[in-house]
Amino acid sequence: MSDDVPRDDLEPPDEATVTPPDLDASGDDPEPFTYNGGRVDPGESANIRYGISETYLGDPVRIPVTIVNGEQPGPTVFLSAAAHGDELNGIEVVREVAHDWNHADLHGTLVCLPVMNVPGFLAQERYLPIYDRDLNRSFPGREGSTSARRMAHRIFTNFIEPCDLGLDFHTSTRGRTNMLHVRANMDDPTVARVANAFSSNVIIAGEGPSGTLRREATDAGVPTITVEMGEAHRFQRRLIDRALTGVASVLAEFGCHRDSAVHWPGWRTVIDDDDEKTWIRADAGGIVDMKRGRGELVREGEVICSITNPFKEEDDIETVEAPFTGLIVGVLENPVVYPGNPLCHLVGLSQDTLTALERERGEGRARSRSRLRD
Ligand SMILES: [Zn+2]
């Protein structure tokens, strides 16, 4: 599977120390953050409810936004979550950064958008309940267009475009779960810098579908990554803590928090997005008996799961084996499939990465259960 593993890093890059911010060419003076209808001056924070649409009752649909403007000059960074209304882990990441962290020495500005898709969040659904539109295919949005694009437009012009870089938090689609990993256009040097600084073990490289926040923000000059973590409808504490480590590391890399250090994840693999064969799909419909979990290493030929019918007839049990040795980045949770449905996302690893991972797991087991499991 050498074509799946074009780039592996087993050592931190030399420059993985605090790098001075080079994104903000605005000089030495801190600047106010302005949006349509308000401003937040250096040294101030504001909790805003910003209207992006109206309900059937004519009431405003307002998203919560927290702006933290540091006393010192520096980059403006957005952190966003719940573009898909049922993806909750990122909400807690953004809330804790905005409200639990000490930003007394913040260089720059944080724009925190914990719940972008408010109608979806209220309904606990992925999509905007209005005609099931996907907010995360509606960016950058447009005035005078569909309801979804109008909402996207108000978010994008007020709170995304003024930023220098961004982190957009997601989880797996309902019924599946995934390891914490980053999706990023690694051909863009600043996006790659953000992605590397986030310090996840796995980076999936690609520009992303058009209309997604990370692709449209990046195209608009705001280098942005997506962070995928866990499953919908949950707060998963260990994943949230890992993501917070990533945020701190990015803020250190770009000079926003001078006391924090850039974190190195121990090993890293970058794989290409367009490699469809890493998604292992069911060839039979049925009920899935999953043997392996998120973050587990499986060897070529090992059984990943079996697909059975309601009678558990021996002749009808379809066994699915790993076609190559790899890491399970994403996996089915809701144990039912039609033929063609994904069972798991298996990522091939180079021998060096495999060795580094096994060493980490070996050491990790002495301390606790596998670090990647949760
Ligand atoms: Zn999502």
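Residues numbered from 1 in each chain as written. Predicted model: local features only at pLDDT ≥ 70, side-chain atom pairs only at ≥ 80, totals over all residues.

**Quick notes on the packing of helix α4 (residues 189–198) against helix α6 (residues 237–253)**
- Where α4 contacts α6, the two axes come as close as 7 Å, and the packing angle between them is 130°. The angle between α4 and α6 falls in the class oblique. Considering the relative orientation of α4 and α6, their crossing is right-handed. In contact with R193, V194, A197 and F198 of α4, α6 contributes G246, S249, V250 and E253.
- Grouping the amino acids of the contact of α4 with α6 by side-chain chemistry returns four nonpolar, two polar and two charged. (Axes fitted to C-alpha atoms, helices over the stretch in contact; angles between N-to-C directions. Helix = DSSP H or I, 4+ residues; strand = E, 2+ residues; numbered from the N terminus. Parallel < 35°, antiparallel > 145°, perpendicular 65-115°, else oblique. Left-handed = near helix turned anticlockwise from the far one by under 90°. Contact = placed C-beta atoms within 7 Å. Nonpolar A, V, L, I, M, F, W, Y, C, P; charged D, E, K, R; others polar.)

**Looking at the confidence of the model for the protein chain**
- For the protein chain, the mean per-residue pLDDT works out to 90, and 89% of the residues sit at or above 70.
- A low-confidence stretch, residues 15–21 (pLDDT under 50), is modelled with twelve contacts involving residues beyond four sequence positions or located in other chains. (pLDDT = per-residue confidence, 0-100.)

**Quick look at the nonpolar core**
- Core analysis: the largest hydrophobic core is formed by 98 residues, its most contacted members being L79, V94, L113 and L343.
- Residue contributions to this core peak at eight residues, all from α6.
- The two domains that each donate at least three residues to this core are domain 1 (17–263) and domain 2 (276–365). (Core = buried A, V, L, I, M, F, W, Y, C linked by C-beta atoms within 7 Å. Buried ≥ 20, exposed ≤ 12 C-beta atoms within 10 Å, placed from the backbone. Domains from an automatic or database assignment.)

**A few points about unusual backbone geometry**
- With an omega of 0°, the peptide bond between F139 and P140 qualifies as cis.
- The phi torsion at Q124 lies on the positive side, around 50°, for a residue other than glycine.
- Summarising the element assignment, Q124 is placed in the loop between α2 (118–123) and α3 (147–160).

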